[in-house]
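Reading the structure
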Amino acid sequence: MRTVTYGAACSLDGFIAPTDGSMDWLHFSREVQEYMSTYWASIDTMLMGRKTWEVVVGMGGRSGGGGMKGVTTYIFSRTLDRVGHGAHLVSEDAGDFVRQLKEQPGKGICVMGGGELAQSLFAAGVIDEGGLNVHPILLGSGVPFFRDAG
């Protein structure tokens, strides 16, 4: 069975994004870049919620093939009717979808950013690991890495 890892950049005080959504607090050292390169080679599937997807696309990123060869990207949303950029839209129950995905052959599965999607997947019991890329800054408030999963 495939492993699902919830991974995100995180501040020392546990936030994955500040209240204003800015990204200028992120610090990518050589060590972080080396670790992330190894991690990306271990996955072939990426899961994102709508808000994270919109940030990625807004920054010029294109998951699902653009820059990440061999990685299939699923975007979970109840409001979007299409996503583009080679990604796949999932409107069904996230927990059930990921449970089925875990049983298919392949490499690891990454839940990228997105506290709301992660919260629903923790509640469904389908996340196996948490991967924090802790940055040396205190944000004070924002989107927490761990939300109440019930």
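As a reminder, the structure under discussion sits directly above these lines.
Parameters and conventions
- Residues numbered from 1 in each chain as written.
- Predicted model: local features only at pLDDT ≥ 70, side-chain atom pairs only at ≥ 80, totals over all residues.
- Heavy atoms only, no water.
- Helix = DSSP H or I, 4+ residues; strand = E, 2+ residues; numbered from the N terminus.
- Salt bridge = Lys/Arg side-chain N within 4 Å of Asp/Glu carboxyl O.
- Buried < 20%, exposed > 50% of the residue type's maximum accessible area, 1.4 Å probe, protein only.
- Polar contact = N/O pair within 3.5 Å; in protein donor to acceptor, adjacent residues only side chain to side chain.
- Contact = heavy atoms within 4.5 Å.
- Patch = residues over 30% accessible without salt bridge, like charges linked within 9 Å, V, L, I, M, F, W, Y side chains within 5 Å.
- Areas by Shrake-Rupley, 256 points an atom, 1.4 Å probe, with all protein chains shown as cover.
- Phe/Tyr/Trp six-rings, centres within 6.5 Å; stacked < 30°, edge-to-face > 60°.

Excluding glycine, residues mostly carry a negative phi; peptide bonds, for their part, are mostly trans. Although it is not a glycine, His 85 sits at a positive phi angle of roughly 60 degrees. Relative to the helices and strands, His 85 resides in the loop between strand S4 (72-76) and strand S5 (88-90).

Across all of its chains, the model carries 6 salt bridges by this definition. Arg 30 is paired through a salt bridge with Glu 34; the nearest N and O atoms lie 3.2 Å apart. Linking Arg 30 with Glu 34, this pair stays in helix H1 (residues 30-41), spanning 4 residues, or about one helical turn. The exposure class assigned to Glu 34 is partly exposed, which follows from its relative accessible area of 45%. Residue Glu 116 pairs with Lys 51 through a salt bridge whose shortest N-O separation is 2.6 Å. Here the residue Glu 116 occupies a position in helix H4 (residues 115-124), and Lys 51 occupies one in helix H2 (residues 50-58), the gap between them amounting to 65 residues. The exposure class assigned to Glu 116 is partly exposed, which follows from its relative accessible area of 40%. Relative accessible area serves as the criterion here: at 48%, Lys 51 is assigned to the partly exposed category.

It is worth spelling out the side chain of Arg 2 at this point. Within the secondary structure layout, Arg 2 lies in the segment before strand S1 (4-11). Its relative accessible area of 7% is what places Arg 2 among the buried residues. A distance of 2.6 Å separates a polar atom in the side chain of Arg 2 from a polar atom in the side chain of Asp 44. Excluding anything up to four places from it in sequence, Arg 2 contacts Asp 44, Thr 45, Leu 101, Lys 102, Gln 104, Pro 105, Gly 106, Lys 107, Gly 108, Ile 109 and Asp 128.

Next up on the list: a nonpolar patch on the surface. On the surface, Leu 12, Leu 132, Val 134 and Leu 138 cluster together to form a nonpolar patch covering roughly 400 Å² of accessible area. Positionally, Leu 12 belongs in the loop between S1 and strand S2 (15-17). Owing to a relative accessible area of 56%, Leu 12 belongs among the exposed residues under this scheme.

Once that is clear, we can look at the packing of aromatic side chains. Under the defined criterion, the tally for this structure stands at 4 aromatic pairs. Between Tyr 6 and Phe 122 the ring centres are 5.8 Å apart and the planes differ by 80 degrees, which places this aromatic pair in the edge-to-face class. Taken as a pair, Tyr 6 in strand S1 and Phe 122 in helix H4 lie far apart in primary sequence, 116 residues in all. Residue Tyr 6 is classed as buried on the basis of its relative accessible area, which comes to 0%. The exposure class assigned to Phe 122 is partly exposed, which follows from its relative accessible area of 31%. Each ring, one from Tyr 74 and one from Phe 97, has its centre 5.0 Å from the other, and the planes form 65 degrees; the classification is edge-to-face. Residue Tyr 74 is found in strand S4, and its partner Phe 97 is found in helix H3 (residues 94-103); the two are separated by 23 residues along the sequence. Pair check on accessibility: Tyr 74 and Phe 97 agree, each one buried. Ring pairs connect the aromatic residues Tyr 74, Phe 76 and Phe 97, which therefore count as one cluster.

So, to be careful, I would describe these as geometric facts and stop short of saying anything about function.
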